[in-house]
Amino acid sequence: AELIQALVLLTHFHALSSFILGCGIYPPEGLNIERPPSPDVSLNQGSSTPQEAERVLAEMKKLDEEEQEPSQEEMETRFEREKRACVMVTSDDDIAQSKFSPGIFCFLDDPDFGYIDFSKRGEQGPPTFRAHDYTWNTHGYSLLHRLYPEVGQLLDDKFQVAYNLTYHTIASHQGVDTFKLRRAIWNYIQCVYGIRYDDYDYGEVNQLLERSLKLYMKTVTCHPERVNRQLYNDFWREFKHSEKVHLDLLLLEARLQAALLYGLRAITRYMT
């Protein structure tokens, strides 16, 4: 129970770091991060494709109209393709943006320790975590609820709220069913961490998420210290700031659940 409590605290700290830095809240003084704009700053900069909202709406409509579902073999192939593609989603400025100020080093045992791409080119990575072999609903929540009941239900409610939250809007468009977009965002982040849902077609990720959005999402969840104004400006230029914060909430919870799944699965294996 004490180990699980420590796991919950650690995973929350990591996930909240992503959310806070992704939203542009000032980091500790001296850390080399450029703050994203406040909501009153115009989004007339950046290089993403104009009419992004219309493109997303058109792609969601296309997905709704598709009648034939891909085979299990094809869905597995699409996941592996997307997992490999995650490695390519990096910024040219990654090295320059990852420098810490001298005042931070006293808190670090290993300054080079950090996120490593799950699937590296030319290397054999760890096996895919198949979410249906160790699900949050059936396995993770059950263990957490048994050993740390005060938090189990709270976490489950939090995941549900974040996953299902919607105002049925995309930029200036009203009455939109955003489920497919929210699901693609959630599953992409967990794909970055090597988690696969057998019943999800990862081809939807490429249809709905453009590269500038993927770059922001991966940076926020894997290297939050590298978030800067340009990353924030370069995606979803037509969208409201509140929608970008909504995205950060999804990233926070998807990353938190992924970390908990790995940790709780390891504890379950140890106990059995």
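Under an unreviewed UniProt entry, the protein chain has the name Sestrin 2 and belongs to Staurois parvus.

Caption draft 1: Representation of the overall build of the protein chain. Assigned secondary structure in the protein chain consists of 12 helices and four strands. Of all 272 residues assigned to the protein chain, the portion counted as buried reaches 48%. Pairs at least 24 apart in sequence give 78% of the contacts found in the protein chain among residues at least 6 apart. Carbon and sulfur atoms provide 54% of the accessible area of the protein chain, an area that totals close to 14800 Å².

Caption draft 2: Structural view of a nonpolar patch on the surface. Taken together, Leu-16, Ile-20 and Ile-25 make up a surface patch of nonpolar side chains, about 230 Å² in accessible area. Its place among the elements puts Ile-20 in helix α1 (residues 2–22). On the accessibility criterion, Ile-20 (34% relative accessible area) is partly exposed.

Caption draft 3: Geometry of the packing of aromatic side chains. Applying the stated criterion across every chain yields a total of 13 aromatic pairs. With 5.1 Å between their ring centres and 85 degrees between their planes, Trp-136 and Phe-159 make a pair best called edge-to-face. With Trp-136 in helix α6 (residues 136–147) and Phe-159 in helix α7 (residues 149–164), the pair connects residues that are 23 residues apart, well separated along the chain. Both residues of the pair, Trp-136 and Phe-159, belong to the buried class. Ring centres of Tyr-163 and Trp-186 lie 5.2 Å apart, and the angle between their planes is 85 degrees; this geometry places the pair in the edge-to-face category. A residue pair is termed long-range when its members are at least 10 positions apart, and Tyr-163 in helix α7 and Trp-186 in helix α8 (residues 179–192) qualify at 23 residues. What makes Trp-186 buried here is its relative accessible area of 4%. Among the aromatic residues, those joined into a ring-pair cluster are Trp-136, Tyr-141, Phe-159, Tyr-163, Phe-179 and Trp-186. The ring of Tyr-232 has Lys-244 sitting right over it, with the charged end atom 4.5 Å from the ring centre. A cation sits over an aromatic face here: Lys-244 above Phe-235, 4.3 Å from the ring centre.

Rules of the game
- Numbers given to residues run from 1 along each chain, matching the order in which its sequence is written.
- Local features in this predicted model are restricted to residues whose pLDDT is 70 or higher, and side-chain atom pairs enter the listing and the counts only when it is 80 or higher, whereas totals over whole chains, interfaces and linings include all residues.
- Side-chain numbers here rest on the full set of heavy atoms in the structure, without hydrogens or water.
- A run of DSSP states H or I qualifies as a helix once it reaches four residues; a run of E qualifies as a strand once it reaches two. Both are numbered from the N-terminal end.
- Each residue gets one of three labels from its accessible area relative to the maximum for its type: buried under 20%, exposed over 50%, partly exposed in between, using a 1.4 Å probe on protein chains only.
- The contact rule is simple, with two residues in contact once any of their heavy atoms fall within 4.5 Å.
- Here the open area of atoms and residues is found with the Shrake-Rupley method and a 1.4 Å probe, where only the protein chains shown may cover a residue.
- Residues enter a patch when their relative accessible area is above 30% and they make no salt bridge; the linking distance is 9 Å between like charges and 5 Å between nonpolar side chains (Val, Leu, Ile, Met, Phe, Trp, Tyr).
- When a carboxyl oxygen of Asp or Glu is within 4 Å of a side-chain nitrogen of Lys or Arg, the pair counts as a salt bridge.
- Whether two aromatic rings pair depends on their centres lying within 6.5 Å, for rings of Phe, Tyr and Trp, where Trp uses its six-membered ring; planes under 30 degrees apart make the pair stacked, over 60 edge-to-face, and the rest tilted.
- Placement of a charge over a ring requires the Lys NZ or Arg CZ to be within 6 Å of the ring centre, with the centre-to-atom vector within 35 degrees of the ring normal.

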